[in-house]
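# Descriptive structure summary
Residues per chain are reported as follows:
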Amino acid sequence: MDRVWMAQALALGARGEGTASPNPRVGCVIVRDERLVGCGYHTAPGEPHAEAIAIDAAGAAARGATVYVNLEPCAHHGRTPPCADLLIRSGVARVVAAMGDPDPRVDGRGFAALEHAGIEVEVGLLGDAGRRLNAAFVHWHQRATPRVTLKAAASLDGRLSADAGESRWITGGDARTFAHRLRLRHDAILIGAGTLRADDPRLTVRLPGVDASRLRVVLSSGLDLDPCARIFASGDPVRVYTTADDAEAKLPGAEIVRAPSGERGLDLAWVLRDLGARGVQSLLVEGGGRTHASFLEAGLAHDVALFVAGTLLGHEGATPLIDGPAVASPAEGWKVADAEWVAVGADRLLLGRLARAGQEG
């Protein structure tokens, strides 16, 4: 039953998708005498934490109960009081957590406070699921850079477009709607200058009943961008990274950042460090084949979200999914670990973690 209740806490935590960041997604379930007496999940920064909501719902029934939470209860004063203190005052007898909190303000202090108060603490139940739920939060605290997901919609023969760059529409409406959910899940969305010129995207989150602003990022070494492009007129913030000497040039609605050069254009590692310093924990790369290849070759891509349509487009004139040098042998290619195929209307979505020999996933 511990696993059942922890699964419920994880499911509740997942409901903070797109709203909890930069805080982690956390769900909490309180059980007494094998009966649910309180539950909750964190919705947004400044709002009550999952444990506080669950304790409030449980009331006096929390005394002597078991708490299931997917992340270590916080032990510091932020916008809300420490959850560890709330649990201690509520009189709970046992806390079961999926994982510790990598935030240095917590990082074991929550568990230590609970144990010091005589509360039984168990850590690690469904830990892999807990780490997946907050993969970007953990990654950012460990590396100070965002976790990167490569997103694309491709044909069965791995093409992002038909002849002359025509890509509307490779996938169906259900897949395009789900793509907006992917944008909602990430703190920022990135494309290259070629995609901006070819598709003129807005890169906004457009879902019924959802009002979400995301940082849009454009990579443009030469800064040869159309100031009338829709991305500069759609309201959400835009950050343009360039190596051009005239980086002081103005684009309406955009912040232009001079970045150093790397082996192939912009230094992507520097860009990620800059975004991480701005608090960006997760980055969705919607660039074309060259941008995807650049992140892969630099070892800076961590996850993949690939929509695959049941169509063939051919080779000549079409845009490849990965527009870069081929590896020397299949063994040297990028593998998709923990792969999961999801049906999205008539299309299929591949989700997984990117891994390559000699590189971290």
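First things first, this report covers the structure right here in the doc. (Residues numbered from 1 in each chain as written. Predicted model: local features only at pLDDT ≥ 70, side-chain atom pairs only at ≥ 80, totals over all residues. Heavy atoms only, no water.)

Secondary structure summary: the protein contains 10 helices and 16 strands in total. Relative to its full complement of 361 residues, the protein shows a buried share of 48%. Long-range pairs, those at least 24 residues apart, make up 68% of the contacts in the protein between residues at least 6 apart in sequence. Distance between charge centroids for the protein: 2 Å, based on 39 positive and 44 negative side chains. (Helix = DSSP H or I, 4+ residues; strand = E, 2+ residues; numbered from the N terminus. Buried < 20%, exposed > 50% of the residue type's maximum accessible area, 1.4 Å probe, protein only. Contact = heavy atoms within 4.5 Å. Lys, Arg positive; Asp, Glu negative; His and termini not counted. Charge placed at Lys NZ, Arg CZ, Asp CG, Glu CD.)

Here we take up the sheet that holds strand β3 (residues 66-69). Spatially, the five strands line up as an open sheet ordered β2-β1-β3-β4-β5, and their pairing is mixed. A single partner strand is all that each edge strand has here, and the edge strands are β2 (35-41) and β5 (120-123). For this sheet, the mean inter-axis angle between neighbouring strands, taken without regard to orientation, is 15 degrees. In the sheet, strand β4 (residues 94-97) pairs with β5 via four bridges, with the strands oriented parallel. From the neighbouring strand, Arg 94 faces β5, where its bridge partner is Glu 120. The sheet contacts of helix α2 (residues 50-58) involve β1 (27-32), β2 and β3, and relative to β2 the element is tilted by about 145 degrees. (Pairing = 2+ DSSP bridges. Axes fitted to C-alpha atoms, helices over the stretch in contact; angles between N-to-C directions.)

Counting residues in each nonpolar core, the largest one holds 30 residues, and the members touching the most others are Leu 150, Leu 219, Tyr 241, Leu 275, Leu 283 and Phe 295. Put simply, the parts of the chain that give this core at least two residues each are β6 (147-154), β7 (188-192), β8 (215-219), α9 (268-277), β13 (282-285), α10 (289-297), β14 (303-308) and β16 (347-355). Here Leu 219 is in contact with Leu 190, Ile 191, Gly 192, Ala 193, Tyr 241, Leu 266, Leu 268, Val 271 and Phe 295, once residues within four sequence places are set aside. Within the second largest apolar cluster, 26 residues are counted, among which are Ala 58, Val 92, Leu 114 and Val 121. (Core = buried A, V, L, I, M, F, W, Y, C linked by side-chain atoms within 4.5 Å.)

Bringing the sheet that holds β16 into the picture now. The nine strands lie next to each other as β10-β9-β8-β7-β13-β6-β14-β16-β15, forming an open sheet whose pairing is mixed. The two strands at the open ends of the sheet, each matched to only one other strand, are β10 (254-258) and β15 (335-344). Within this sheet the neighbouring strands show an average axis-to-axis angle of 20 degrees, counted without direction. Alignment of β15 against β16, held across eight bridges, turns out to be antiparallel. Residue pairing across strands places Ala 337 opposite Arg 353, the latter belonging to β16. Taken strand by strand, helix α7 (residues 173-185) contacts β6, β7, β13, β14, β15 and β16, and its axis lies near 165 degrees from that of β14.

As a further point, take the environment of Val 304. The topology assignment puts Val 304 in strand β14. Owing to a relative accessible area of 14%, Val 304 belongs among the buried residues under this scheme. When the C-alpha atoms of Val 304 and Lys 151 are compared, they prove to be 6.0 Å apart, with 153 residues separating the residues in sequence.

Here the focus is the pairing of β14. Judged by how many residues are buried, β14 sits mostly within the fold: six of six residues are covered. Side-chain alternation along β14 places Asp 303, Ala 305 and Phe 307 on one buried face and Val 304, Leu 306 and Val 308 on a second face that is also buried. Pairing analysis gives six bridges linking β6 to β14, with the strands arranged parallel. Each residue of the ladder has a partner; that of Lys 151, found in β14, is Ala 305.

Next up on the list: the side chain of His 302. Mapped onto the fold, His 302 is located in the loop between α10 and β14. In this structure the side chain of His 302 is engaged in a polar contact, spanning 2.9 Å, whose partner is the backbone nitrogen of Val 148. (Polar contact = N/O pair within 3.5 Å; in protein donor to acceptor, adjacent residues only side chain to side chain.)

A separate point is the pattern of salt bridges. For the structure shown, the criterion picks out 17 salt bridges. A salt bridge links Arg 181 to Glu 17, with the shortest nitrogen-to-oxygen separation between them at 2.3 Å. Of this pair, Arg 181 sits in helix α7 while Glu 17 sits in the loop between α1 (2-13) and β1, and the two are 164 residues apart along the sequence. For Glu 17, a relative accessible area of 13% gives the class buried. Arg 183 is paired through a salt bridge with Glu 286; the nearest N and O atoms lie 2.8 Å apart. A residue pair is termed long-range when its members are at least 10 positions apart, and Arg 183 in helix α7 and Glu 286 in the loop between β13 and α10 qualify at 103 residues. Each member of the pair Arg 183 and Glu 286 is classed as buried. A cluster of three or more residues bridged by salt bridges with shared partners is formed by Asp 2, Arg 94, Glu 120 and Glu 122. (Salt bridge = Lys/Arg side-chain N within 4 Å of Asp/Glu carboxyl O.)

This model, assessed by the stated rule, comprises zero disulfides. Just so you know, Cys 74 is unpaired, no disulfide at all, and the nearest cysteine sulfur is the one on Cys 83, 3.7 Å from it. The exposure class assigned to Cys 74 is buried, which follows from its relative accessible area of 6%. (Disulfide = S-S within 2.5 Å.)

Each α-helix turn comprises 3.6 residues. Residues three or four places apart therefore point the same way. Leu 268, Val 271, Leu 272, Asp 274, Leu 275 and Gly 276 are the residues of α9 that are buried. Backbone nitrogen of Ala 269 and a side-chain oxygen of the N-cap are separated by 3.2 Å at the start of α9; the cap is Asp 267. Note on α9: the residue one or two positions beyond its end, Gly 279, has a positive phi of about 90 degrees.

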